Amino acid sequence: MRTRIADCLTKVAPGTIVDVRGWVRTRRESKQEFAFIELNDGSSFHSLQVVADKSIPDYETLIKLVQTGASVAVVGELKESPAKGQKVELHAQSLKVLGQADAAKYPLQKKGHSFEFLREKAHLRPRTNTFGAMARVRNAICHAIHCYFQQRGFLYVHAPIISTSDCEGAGHMFQVTTLDLAKLAQLQQSKGTGASPSGAPTASMEIDYTKDFFGKKAGLTVSGQLEAEIFACSVGDCYTFGPTFRAENSNTTRHLAEFWMIEPEMPFYELEDNMALAEDFVRTVIKEVMAKCPDDLQFFNDRIEPTLLASLENISGNDFIKLTYTEAVDILLKSGQTFEYPVAWGKDLQSEHERFLTEQHFKQPVILTDYPREIKSFYMRANDDGKTVRAMDVLVPRIGEIIGGSQREERHDVLIQRMQECGLDPADYWWYLELREYGTVPHSGFGLGLERTVQLITGMQNIRDCIPFPRTPKSADF
RNA sequence: UCCCCGAUAGCUCAACCGGUAGAGCGCCGGACUGUUAAUCCGUAGGUUCUUGGUUCGAAUCCAAGUCGGGGAGCCA
């Protein structure tokens, strides 16, 4: 029966015979016929030091095969280690090489690698310290998120991945179709209409979507919010947690074409309740991950981001700053800072403005509320001043926006008016409007980007290193 | 999509004014060692991203493209 290395290092009593399996990180060989093998199975940040000597059957042959990247099974006695660096070590009685790894070809060396290089080795990078730690922290974050909502009676609702409402408004959609595009292009060409000289279809080409799989144009979801509202207005507090897709040509350290989003939606919540939940949620998740993954976070603090632990303590231990967009604009105008983009009421805040607020002025997470209605979505509840809506953005140092949310417009007539203002056809949102027609209630919700949370908690700079297999423009391997 | 930068050994990078390619690490071999990113000595390892251009001569200059990085926008 296999024992996990995490258990060997923490739970198993010295003197116990254990069977351990994993991948070789390094081997330090002595000519005096023994060797140290650094073995990692992913269960812990730390590896287990295996001491192997010539008492092992076939030692001379086997030890040559124990190279970085090889998989091995070791049975032996767990003993207290006489040397520094580890409390316990495994004295091998038998050694079996399960799978060799040619050291001349194995891409992962004993030295550090650039993240750019490791992204090209996404099938092997979880075997590194950094990406093993990222995987465990990411898992702990997801677990903490589910626990947080489950303990508070929220229902986990599965929003659809495929959506035919072309108008969710949160970004450009990836199209989902079973139409034969090559055949359509060919048809178009043979008709001699609507094709450019290169043969590429042009805008004049009209597709008959009634022939498509769903009978209408379909795409991958950009948000589960509208569907979550349906359940909030029926079964009560709920949340979605699933993949989200944006076909934007975004090339930044904080955007992915495929990412995971958590979207809680609560009936009878006004904006203040929404803010309180968002803050408590973020702070609680950080605390739980700090408690669950101390070794991994210590590594990130030591090797990736030296201010990480201090900033997590700061975020989890202090109230978020809450202020309105208008107050934020005042602070920015009076700051004396010269910004590349000028600050003016009515314009959306730029990254540099948000960073100034969170990193220099307050040095803490900030919740901004009540943005100008012109720069926010139709579904956000209009304030009585006629100028602003009940929006909220949670901004954190280093990352920027980690949560976007709002109180939703629950008044039927106002919602229709807002749709028209935003150039949307209310007919497309008939079911969304019916929620306001039949038993409407005040309600609120927000969206938390999972990968941005991973960025925040690990200190990793690039969001492409916060998801196992990142999808970005021109990149969707593995 | 826009702006800037980059692409040279397995990896990280160097190569001055255009003159025929170099280091560290890794691998391999040796020495040494309760070692732990071990250390020391040595060997091997190159279509300088692609295509075209300028030139007696291009890693180096020019153009286009591809990919990568940083910033911006879009946002989570």
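A short tour of the structure in this document, coming up. Sequence positions are assigned chain by chain, starting from 1 and proceeding in written order. All chains are assigned letters beginning at A, and all ligands numbers beginning at 1, according to the order in which they are written. At least 70 in pLDDT is required for a residue's local features to be given in this predicted model, at least 80 for side-chain atom pairs to be given and counted, and no such filter applies to totals for whole chains, interfaces and linings, which use all residues. With hydrogens and water stripped out, all remaining heavy atoms of the structure feed into the side-chain values.

Moving on: the pattern of salt bridges. Between Lys or Arg on one side and Asp or Glu on the other, a salt bridge is scored when a side-chain nitrogen of the former is within 4 Å of a carboxyl oxygen of the latter. Under the definition given, this model contains 27 salt bridges. With a closest N to O distance of 3.4 Å, Glu29 and Arg27 form a salt bridge. Using a 1.4 Å probe on the protein chains alone, a residue whose accessible area is under 20% of its type maximum counts as buried, one over 50% counts as exposed, and one in between counts as partly exposed. We classify Glu29 as partly exposed; its relative accessible area is 29%. Here Glu265 and Arg408 are joined by a salt bridge, their closest N and O atoms 2.9 Å apart. Separated by 143 residues along the polypeptide, Glu265 in strand E11 (residues 258–267) and Arg408 in the loop between strand E15 (400–407) and helix H12 (412–421) bring together distant segments of the chain. Note on Glu265: relative accessible area 1%, which makes it buried. The buried category is assigned to Arg408, whose relative accessible area is 2%. What you see here is one network of salt bridges that share partners, running through Glu229, Glu265, Arg408 and Arg436. Numbering of helices and strands runs from the N terminus, with a helix taken as a DSSP run of H or I at least four residues long and a strand as a DSSP run of E at least two residues long.

With six of its eight residues buried, helix H6 (residues 225–232) lies for the most part within the structure. Turning to H6, its buried residues number three or more, namely Gln225, Leu226, Glu227, Ala228, Glu229 and Ala232. By definition, residues are in contact when any of their heavy atoms lie within 4.5 Å. In this fold, the buried residues of H6 make contact with strand E10 (238–245), E11, helix H13 (430–437) and strand E16 (443–449).

Structurally, Ile145 can be placed in helix H4 (residues 129–151). Residues Ile145 and Val282, 137 residues apart in the sequence, show an inter-C-alpha distance of 9.0 Å. The contacts of Ile145, once residues within four sequence positions are left out, are Phe241, Ile262, Phe281, Val285, Leu448 and Leu450.

Attention now goes to the pairing of strand E14 (residues 388–396). Within E14, nine of the nine residues are buried, leaving the element largely enclosed by the surrounding structure. Strands pair, by our definition, only if DSSP identifies at least two bridges between them. Judged from the six bridges that link them, E14 and E15 form a sheet pairing that is antiparallel. Directly across from Val394, in E15, lies its bridge partner Ile403. Hairpin connection, E14 to E15: the antiparallel pair is bridged by three residues, and Arg398 has positive phi, about 80°.

As a further point, take the packing of helix H9 (residues 308–317) against helix H14 (residues 450–458). Orientation of H9 relative to H14, taken along the N-to-C sense of each, is 115°, at an axis distance of 8 Å. The residues of H14 that touch H9, namely those facing Leu308, Leu312 and Ile315, are Leu456, Ile457 and Thr458. Residue composition of the contact of H9 with H14, by class: five nonpolar, one polar and no charged. Here an axis means a line fitted to C-alpha atoms, over the contact stretch when the element is a helix, while the angle between two N-to-C directions is reported on a 0 to 180 degree scale. Amino acid classes used here: Ala, Val, Leu, Ile, Met, Phe, Trp, Tyr, Cys and Pro are nonpolar; Asp, Glu, Lys and Arg are charged; the rest, including Gly, are polar.

A few words on the sheet that holds strand E4 (residues 71–80). The strand order around the closed barrel built from five strands is E1-E2-E3-E5-E4, with neighbouring strands paired in mixed fashion. The sheet shows a mean angle of 50° between the axes of neighbouring strands, taken without regard to direction. The sheet contact formed by strand E2 (residues 34–40) and strand E3 (residues 48–53) spans six bridges and is antiparallel. Its bridge partner being in E3, Phe34 is matched across the sheet by Asp53.

Positive phi, close to 70°, is recorded for Asp58, a residue that is not glycine. With respect to the helices, strands and loops of the structure, Asp58 is situated in the loop between E3 and helix H2 (59–65).

A few words now on the nonpolar core. Proteins that are soluble and globular tend to have nonpolar side chains buried together. Ranked by size, the top nonpolar core spans 82 residues in total, and within it Ile145 and Phe281 carry the most contacts. With 11 residues, H4 is the single largest residue contributor to this core. Throughout the structure description, domain borders are defined by an automatic or database domain assignment. The residue makeup of this core includes at least three contributed by each of domain 1 (5–99) and domain 2 (131–173 + 214–465). Other than its neighbours up to four places away in sequence, Phe281 contacts Ile145, Tyr148, Phe149, Ile262, Phe446 and Leu448. Definition used in this section: a nonpolar core is a set of buried Ala, Val, Leu, Ile, Met, Phe, Trp, Tyr and Cys residues joined via side-chain atoms within 4.5 Å. The next biggest cluster of nonpolar side chains, apart from the first, holds 26 residues, and it includes Leu332, Val366, Leu368 and Tyr429.

Here we come to the protein's contact with RNA strand B. Here a residue is near a molecule or strand as soon as one of its heavy atoms is found within 4 Å of it. The environment of RNA strand B is formed by 51 residues, the closest being Lys84, Glu89, Arg119, His255 and Arg452. For RNA strand B, the fraction of protein-proximal atoms (within 4 Å) that sit in sugar or phosphate groups is 50%. Polar contact is defined as a pair of N or O atoms within 3.5 Å, subject to the rule that within protein one atom must be able to donate a hydrogen and the other to accept it, and that residues adjacent in sequence are counted only when both atoms are side-chain atoms. Arg28 has a polar side-chain atom sitting 2.7 Å from a base oxygen of RNA strand B. Asn251 places a polar side-chain atom, nitrogen or oxygen, 2.9 Å from a base oxygen of RNA strand B. The element contributing the most residues to the surface near RNA strand B is E15, with four residues. Its residues assigned to classes, the surface near RNA strand B shows 12 nonpolar, 23 polar and 16 charged.

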